[in-house]
Amino acid sequence: MTGTHPLEPAVADRYRDEFLRYLSQTVPGRKELVVTAAHGSTVVGSDGTEYIDLTSGIAVANVGHANPDVVAAVREMVETMTHVNVYGRYVIPAQVDFARELASITPADLDVSFLTNSGAEAIEGALKLGRKASGRPGILAFEGAFHGRTMGALSVTWKEQYRRPFEPLVPGVRFVPFGDLEAAEAAMTDDVGVVIVEPIQGEAGVVIPPDGFLAGLRQLCDDRGAILVFDEVQGGMGRSGRWFSLEHWDVTPDVIVSAKALGGGLPLGAFTARAALMATLLDPPLSHLTTFGGNPVSCAAGLAAIRFIKRNGLVERAAELGTHLATRLDAMVDAGIGVARYRARGLWTAIDLVDPSITNTVVAEAQRRGVLVGSMLHNAATIRIVPPLVIERDQLDRGLDVLADSVVAIAGR
Ligand SMILES: Cc1ncc(COP(=O)(O)O)c(C=O)c1O
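On a predicted model such as this, the values are computed, not experimentally measured, just so you know. (Residues numbered from 1 in each chain as written. Predicted model: local features only at pLDDT ≥ 70, side-chain atom pairs only at ≥ 80, totals over all residues. Heavy atoms only, no water.)

1. Points about the environment of I358
Quick reminder of the rule: Under the DSSP-based scheme used, a helix requires at least four consecutive residues in state H or I and a strand at least two consecutive residues in state E, with every element numbered from the N terminus.
Along the chain, I358 turns up in the loop between β12 (348–353) and α13 (359–368). Linking I358 and A10, residues 348 residues apart in sequence, is a C-alpha distance of 32 Å.

2. Quick notes on the sheet that holds strand β14 (residues 374–375)
As a reminder, the rule being used: Pairing between strands is defined by DSSP: at least two bridges between the two strands are required. A contact between two residues is defined here by any heavy atoms of the two lying within 4.5 Å. Only the contacting stretch of a helix is used when fitting its axis, a line to C-alpha atoms as for every element, and angles between N-to-C directions run 0 to 180 degrees.
Reading across from one edge, β11-β12-β15-β14 is the order of the four strands in this open sheet, with antiparallel pairing throughout. For this open sheet the edge positions go to β11 (339–345) and β14, each flanked by a neighbour on one side alone. Here β12 runs beside strand β15 (residues 382–385); their pairing, made up of four bridges, is antiparallel. Looking at the pairing, I351 lines up with I383 of β15. Contacting β12, β14 and β15, α13 crosses the sheet at an angle of about 35 degrees to β15. Contacts from helix α14 (residues 393–411) reach β11, β12 and β15 within the one sheet, and its direction differs from that of β15 by about 165 degrees.

3. Things to note about unusual backbone geometry
At the junction of E167 and P168, the peptide bond is cis and its omega measures out at 5 degrees in the coordinates. Note that P168 resides in the loop between α7 (160–163) and β6 (173–176). A positive phi angle is found at V206, which is not glycine, with a value near 50 degrees. Topologically, V206 is positioned in the loop between β7 (192–197) and α9 (213–224).

4. Description of the site of the ligand
We apply this condition: Only heavy atoms are used to decide nearness, and a residue is near a molecule or strand if one of them lies within 4 Å of it. Residues adjacent in sequence count toward polar contacts only when both atoms are side-chain atoms; beyond that, a polar contact is any pair of N or O atoms within 3.5 Å, and within protein one must be able to donate a hydrogen and the other to accept it. Accessible areas in this description were obtained via Shrake-Rupley with a 1.4 Å probe; residue shielding takes into account the shown protein chains only. Each residue is assigned to one of three groups, with Ala, Val, Leu, Ile, Met, Phe, Trp, Tyr, Cys and Pro labelled nonpolar, Asp, Glu, Lys and Arg labelled charged, and all others, Gly among them, labelled polar.
Taken together, S118, G119, A120, F146, H147, G148, E198, D231, V233, Q234 and K260 make up the full set of residues adjacent to the ligand. Side-chain polar atom of D231 to a nitrogen atom of the ligand: 2.6 Å apart, as the coordinates give it. Q234 has a polar side-chain atom sitting 2.8 Å from an oxygen atom of the ligand. In the complex, 81% of the free accessible area of the ligand, which totals 390 Å², lies under the protein chains. In the shell around the ligand, the residues fall into three nonpolar, five polar and three charged.

5. Looking at the sheet that holds strand β10 (residues 269–273)
Ordered in space as β4-β10-β9-β8-β7-β5-β6, the seven strands form an open sheet in which the pairing is mixed. In the strand order of this sheet, the two ends are held by β4 (112–116) and β6, each with one partner. Between one strand and the next, the sheet's axes are offset by a mean angle of 20 degrees, whatever the strand orientation.

6. Overview of the packing of α13 against α14
To characterise two packed helices, one gives the angle between the axes of the helices and the distance between these axes. Applied cut-off: Throughout, the term roughly parallel applies to angles under 35 degrees, roughly antiparallel to angles over 145, roughly perpendicular to angles from 65 to 115, and oblique to all others. What makes a crossing left-handed is the near helix being turned counterclockwise from the far one by less than a right angle; a clockwise turn instead makes it right-handed.
Following both chains from N to C, one finds α13 and α14 inclined at 130 degrees, their axes separated by 9 Å at the closest point. When the interaxial angle is binned, α13 and α14 end up oblique. Relative to α14, the crossing made by α13 is right-handed. On α14, the residues that touch T361, V362, E365 and A366 of α13 are V402, L403, S406, V407 and I410.

7. Examining the nonpolar core
Applicable threshold: Think of a nonpolar core as a cluster: buried Ala, Val, Leu, Ile, Met, Phe, Trp, Tyr and Cys residues, connected wherever their side-chain atoms sit within 4.5 Å. Buried residues are those whose accessible area, probed at 1.4 Å on protein chains only, stays under 20% of the maximum for their type, while exposed residues exceed 50% and partly exposed ones sit between those limits. Each domain span listed reflects an automatic or database assignment of domains.
Grouped together as the largest cluster of nonpolar side chains are 88 residues, with contacts concentrated most on F98, L140, F142, V195, V197, L217 and M237. When residues of this core are assigned to their parent elements, the largest contribution, 10 residues, is made by helix α11 (residues 296–311). Here this core spans two domains, and each of domain 1 (9–61 + 313–411) and domain 2 (68–311) adds at least three residues to it. Setting aside residues up to four positions removed in sequence, M237 forms contacts with N62, I105, W243, A261, L262, A305, I306, I309 and L389. Core analysis: the next-biggest nonpolar cluster, separate from the first, contains 25 residues, I123, A141, I227 and L281 among them.

This is the structure we're talking about:
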């Protein structure tokens, strides 16, 4: 374990001030926690306080913060090369090794990837690919969806509050209720070339569709010649107790989008499709490119992360520990302490409080007591629990105890 770098209180305070002064603020308010280290399932504050992390840096640290295998791979690659010309001009073994490994976990023959720096960038690529391959501009997306903040990704993101100030966005997008196949069918007019969906919606609060919904979308796309894109940015890399959340229904899309945990903690995203579909991007040549996407350091980290998950059976572990987590959450609901319900797959969990107005206060209280949980972008009533897949069971239990105590403390005020 590396050092925890405690800071003098005055130095930590200066960072708090300068954070406000020099960094673009997107969430109002002065921040309490100055993070100076993170390892495994622990985040360390500037005063040396160790927090149990039940957020994974929002579903990124699936293999744990500063995973030793990832650190070793990064160190070796940084000393070997950091950046050359990534796309098209040279073969970079680190990139090939990573893409081959990614192909080993994606379903069927979806084994050709375009590598990016982030989830939103991968969504942009997937939308471009879908439009180009189908030859049709219309895009069907779903209420509650979150796909990112760039113009294209924002256009297919549900929450109006995020979209409105930036309009006009990409035209041709229509939203229908998530899980409603009939509405999807009715909205599939001839101009729709792309259907984009999170198999399980993340920011909406881990919303699980009815059985048959994803298979129905597959059928619709097959019947109408549209490209089906699954956004697995949050649900991939073992989070739901499967490599990809789509495996809960065994439906194969035309394009899978990944990011977040894909790079083992480094920035890395991908959109992955069959060779024939991906070949659309060859015509005209250079129609889709990036400078840094799939850089060798991120690829080395991602390769180490996938191999670590395989070697340590973390996908199965997420499923098993998820069952335990669900038992604990059942007990919390039954105890009548102020938790109304929860939704979960594997270690991907959202709980709804009886009183939604106290959600942020409970999150802050849990932090004050040494446990990090998160809120959701599209569901203000919900608390997110997405621990690293490597979290020890007793650490998870301690985290949940603190969360329950925090709910009791705030709800009882
Ligand atoms: C389902 C989903 N898609 C796309 C994104 C965008 O990814 P990024 O923040 O890396 O651009 C996110 C981020 O939270 C996400 O949850």
